[in-house]
Amino acid sequence: MRLLLLLPLLLALTATPAEAQGRATIVVAADGTGDHTTVQAAVDAVPSGNSRPVTILVRKGTYRQQVVIPPDKPYISLVGDTRDPREVVLTFDVSAATPKPDGSGPYGTSGSASYVISAPDFTARNLTFENAYDEAANGPSQAVAVRTTGDRQVYENVRFLGNQDTLYANTASATTTARQYFRDCHVEGDVDFIFGRATAVFDNCVIRSLDRGSADNNGYVTAASTELANPYGFLIYRSHLVSDAPARSVHLGRPWPAGGSATARGQVLVRESWLGQHVKDAPWTDMSGLSWRDARLSEYRNEGPGASAGADRPALTPAQAAAFTPERYLAGADGWNPVRRTPPRPDPRELRELGRQVLPADDGWAAATTGTTGGSAARPENVHVVTTRAQLKAALGDPADNTPRIVYVKGAIDADTDDSGRPLTCADYAVDGYSPAAYLAAYDPAVWGRTSVPSGPLEEARKASYAKMAEHVTVTIGSNVTLVGLGRDAALKSFGLRISGADNVIVRNLTITDTSDCFPQWDPTDGAEGNWNASFDNVEVSGSTHVWLDHNTLNDGDNPDSGQPLYFGRPYQVHDGLLDVVRGSNYVTLSWNHLSGHDKVMLIGNTDNPARYAEEDKLKVTLHHNYFEGLGQRTPRVRFGQVHVYNNYVTGGPGHVYSIGVGVGSRVYAEANAFDGVPAAKVLTVFGGTAITARDNLVDGRPADLVAAYNAANGAALGADAGWTPALVGRKHPAGALKALVPAGAGAGRRL
């Protein structure tokens, strides 16, 4: 009897945890509360030839160890147990030049990898992979965070940190292919920090070039060694390439003939991405005797200050680009498609959960008094999914009707369409004989002069045409409404979104883009040279209370003012503000929004007259974890309000004028923000204000006294105490963490 009982006990003691307990999850915890204390031990517990999905769940902590996941252990998912990849860090710290402990020589580039992942059908989520080799102390050297050689690998919400050769996206040999999909990732380094032979797609990623301290050469983003037989190497798709490095000092890449291969001709396409000012005007260069012109390096429809056109910037045509989509890169012979583009039809339970979310307690001023719940109390008949302009207007209903509503936007909706879906142009809105040519001829300063604003029939025709357009494209949101996008592609194009005279409104997860005015007014008296003035904001919060705008993306889309012509020597400006809070609005929280590529961004309060809207005790607004990228001014400009600005990440650009405007009666409390590419003396400017509290802010990664910097540069005496302390504050992060945290999380579809 004892022998019969002992046999199963012995079998259990010799089996792996997954085998012994029949479980598909192996837990790694450094404190000993899991199945293993190291990742390698968990990998070793997966049997060779594994044929079923196994999740290795890694609890919070930092795990220092070199790890190998071999090719005979497919179907592993390596997952951090939180959604924040910074909380689970997988690291090691040797370089190619570091001597091995056994005395057999240096590690070499491949041997320096903290993680070698050769298994096919592998997934990683919610983790940080790092090579923590200290270049500053030990000198530059290749130091790989991850070397991948397996096929059909997916990395989602994963960070890759290092300096030179951070991510080695490779194959098992020159004659094999390996497809790897990186989504919502963060990759940073300086020299060739995305390199190798693999077919790799970087979808919606932040790719950060580190500053090496050079004025003109701060490294190379890519070094692809794609074999000629493979049409697909690296695709950087709808991503953000950012850096603290000086302007025009970073190459997009160079072709690497790996191992001296005579048939390696690197293929890289940077497509529909935002390129920071650090990118060189001639972004490709040679490597190891291989001319970049003999490789396959190109761009397609990029934006941002680093995306200028030039003779040394090969660009695909639309017809060519059709063959270079994420799906085409990854399909292979087996039709593999891990790309998540259009979400599946949402389950009713998912709809109910998303639309009924309310502003958390203490999350800024919108949480004050009654809080902000939007349409969370909507009855089923007042919950709508809309895909057209007509459906959107019908679902929002009469703004005076306070019935709770939830309106889900599915896909992209264009305001410049009629009820049948036919596209509309500016000519369709023009009335009473208005035409741009006639307007320009009538009010040319040589004819009209420069001492009075336009008047007469053509100016009246312009106003009437504007009114017709405004009636068509303006969407007004009333009280007790939640307007929320479904999935990553939910967008309102060309709409002017107005929250006017309302209370209790939530707008989340939407891209709100290109709110352009077909009929800007010429004002020769505006400034010394006159100006063109547009009249549409992407979003205007006007005379409203308890408003929460969260995880939205606001920009000018493919129609930036920088692309408009000059008339009368002045830019023909067709956009006004991106997001204004005006006319006595109160109790507003703006969180995790991404605002980019615009000049005049945000007004809080629109008049210096305190009596006009009784604003002296209103305009209480919180801005936190917003990504203000490459903007000109007003992030924000404030009048009167008690405005709390914290944990925002701001990057400058060629058109930067100032960031925070201290206006009449304003009481701004700015803390723990990070400003990059913005001189400390130009973070603030003053428009009649007297004081601002500014504490714990960083400028280019260093602590900065913003008030002292402004005063020193301007011979001013701006006070350093706004006279109040914010009480309603959600989770706050150290300013040094914002460069990675905010770009990865802010905007529509990003970690809602």
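These figures come from a predicted structure and were not determined experimentally. (Residues numbered from 1 in each chain as written. Predicted model: local features only at pLDDT ≥ 70, side-chain atom pairs only at ≥ 80, totals over all residues. Heavy atoms only, no water.)

**Q** Break down the overall build of the chain for me, citing the residues and quoting the values.
**A** Along the chain, the regular secondary structure elements total 15 helices and 53 strands. Compactness check: the chain gives a C-alpha radius of gyration of 28 Å against a globular reference of 27 Å for 752 residues, within 12% of the reference. With the principal axes as the frame, the chain shows a C-alpha extent of 100 × 65 × 60 Å. The 752 residues of the chain split such that 56% are buried. Across the chain, every contact between residues at least 6 apart in sequence was considered, and the portion connecting residues at least 24 apart equals 73%. Taking the average place of the 68 positive charges on the side chains of the chain and the average place of its 80 negative ones, the gap between the two points comes to 4 Å. (Helix = DSSP H or I, 4+ residues; strand = E, 2+ residues; numbered from the N terminus. Rg over C-alpha atoms; globule rule 2.2 N^0.38 Å. Buried < 20%, exposed > 50% of the residue type's maximum accessible area, 1.4 Å probe, protein only. Contact = heavy atoms within 4.5 Å. Lys, Arg positive; Asp, Glu negative; His and termini not counted. Charge placed at Lys NZ, Arg CZ, Asp CG, Glu CD.)

**Q** Before we move on, could you go through the pairing of strand 14 (residues 191–196) and cite the residues and values that matter?
**A** By the criterion of burial, strand 14 is predominantly enclosed, with six of the six residues buried. Relative to strand 14, strand 11 (residues 167–169) runs parallel, the two sharing two bridges. Looking at strand 14, one finds that Leu-167 is bridged to Ile-194. Examined bridge by bridge, strand 14 and strand 17 (residues 220–224) share four bridges and lie parallel to one another. When the sheet's bridge partners are listed, Gly-196 is paired in strand 17 with Ala-224. (Pairing = 2+ DSSP bridges.)

**Q** Report on the nonpolar core, specifying residues and quantitative values.
**A** One broad trend across soluble globular proteins is that nonpolar side chains are buried collectively. In this structure, Leu-392 and Leu-483 are the most contacted members of the largest nonpolar core, which totals 79 residues. By residue number, the principal contributor to this core is helix 13 (residues 457–473), which donates five residues. The contact partners of Leu-483, leaving out residues within four places of it in the chain, are Leu-392, Val-407, Val-409, Ile-477, Leu-492, Leu-497, Ile-506, Val-507, Arg-508 and Leu-510. Of all hydrophobic cores here, the second largest spans 57 residues; its members include Phe-193, Val-268, Trp-284 and Ala-295. (Core = buried A, V, L, I, M, F, W, Y, C linked by side-chain atoms within 4.5 Å.)

**Q** So what's going on with the sheet that holds strand 11? Which residues, and what values?
**A** Taken together, seven strands build an open sheet; the order of strands is 4-7-9-11-14-17-20 and the sheet is parallel. The outermost strands of the open sheet, each flanked by one partner alone, are strand 4 (67–69) and strand 20 (251–253). Pairwise comparison of adjacent strand axes, ignoring direction, gives a mean angle of 15° for this sheet. Relative to strand 7 (residues 115–117), strand 4 runs parallel, the two being bridged by three bridges. Its bridge partner being in strand 7, Val-67 is matched across the sheet by Tyr-115. (Axes fitted to C-alpha atoms, helices over the stretch in contact; angles between N-to-C directions.)

**Q** Outline the side chain of Arg-183, supporting the account with residue identities and numerical values.
**A** Mapped onto the fold, Arg-183 is located in strand 12 (residues 179–183). Here the side chain of Arg-183 touches Tyr-181 through a polar contact of 3.2 Å, side chain to side chain. (Polar contact = N/O pair within 3.5 Å; in protein donor to acceptor, adjacent residues only side chain to side chain.)

**Q** Can you lay out the pattern of salt bridges for me, pointing to particular residues and giving the numbers?
**A** Counted under the stated rule, the structure contains 36 salt bridges. Residue Asp-418 pairs with Arg-422 through a salt bridge whose shortest N-O separation is 3.1 Å. Overall, the relative accessible area of 41% leaves Arg-422 in the partly exposed class. Connected via shared salt-bridge partners are Asp-121, Asp-151, Arg-152, Arg-179 and Asp-334. (Salt bridge = Lys/Arg side-chain N within 4 Å of Asp/Glu carboxyl O.)

**Q** Give a detailed account of the packing of aromatic side chains, specifying residues and quantitative values.
**A** For the coordinates displayed, the defined rule picks out 31 aromatic pairs. On the numbers, 4.9 Å between centres and 70° between planes, the contact of Trp-532 with Tyr-572 is edge-to-face. Taken together, the residues span a long stretch of sequence, with Trp-532 in strand 32 (residues 531–533) and Tyr-572 in the loop between strand 37 (570–571) and strand 38 (579–582) at a distance of 40 residues. With a relative accessible area of 2%, Trp-532 lands in the buried category. The buried category is assigned to Tyr-572, whose relative accessible area is 13%. Members of the aromatic cluster, joined through ring pairs, are Tyr-434, Tyr-439, Tyr-443, Trp-448, Phe-519, Trp-522, Trp-532, Tyr-567, Phe-568 and Tyr-572. (Phe/Tyr/Trp six-rings, centres within 6.5 Å; stacked < 30°, edge-to-face > 60°.)

**Q** Pulling in residues and values, what's your account of the side chain of Ser-239?
**A** Within the fold, Ser-239 resides in the loop between strand 18 (234–237) and strand 19 (240–243). Classification of Ser-239 by relative accessible area gives buried; the value is 1%. At 3.3 Å, the side chain of Ser-239 and the backbone nitrogen of Asn-204 are in polar contact. A polar atom in the side chain of Ser-239 sits 3.0 Å from the backbone oxygen of Tyr-237. Aside from chain neighbours lying at most four places away, what touches Ser-239 is Phe-202, Asp-203, Asn-204, Cys-205, Glu-272, Ser-273 and Trp-274.

**Q** I'd like to hear about the pairing of strand 47 (residues 660–663), residue by residue, with values.
**A** Residues Ile-660 and Val-662 point to one face of strand 47 and Gly-661 and Gly-663 to the other, with burial holding for every one of them. By the bridge criterion, two bridges tie strand 44 (residues 637–638) to strand 47 in an arrangement that is parallel. Each residue of the ladder has a partner; that of Val-638, found in strand 47, is Val-662. By the bridge criterion, four bridges tie strand 47 to strand 50 (residues 684–687) in an arrangement that is parallel.

Purely spatial values, then, with no claim about function.
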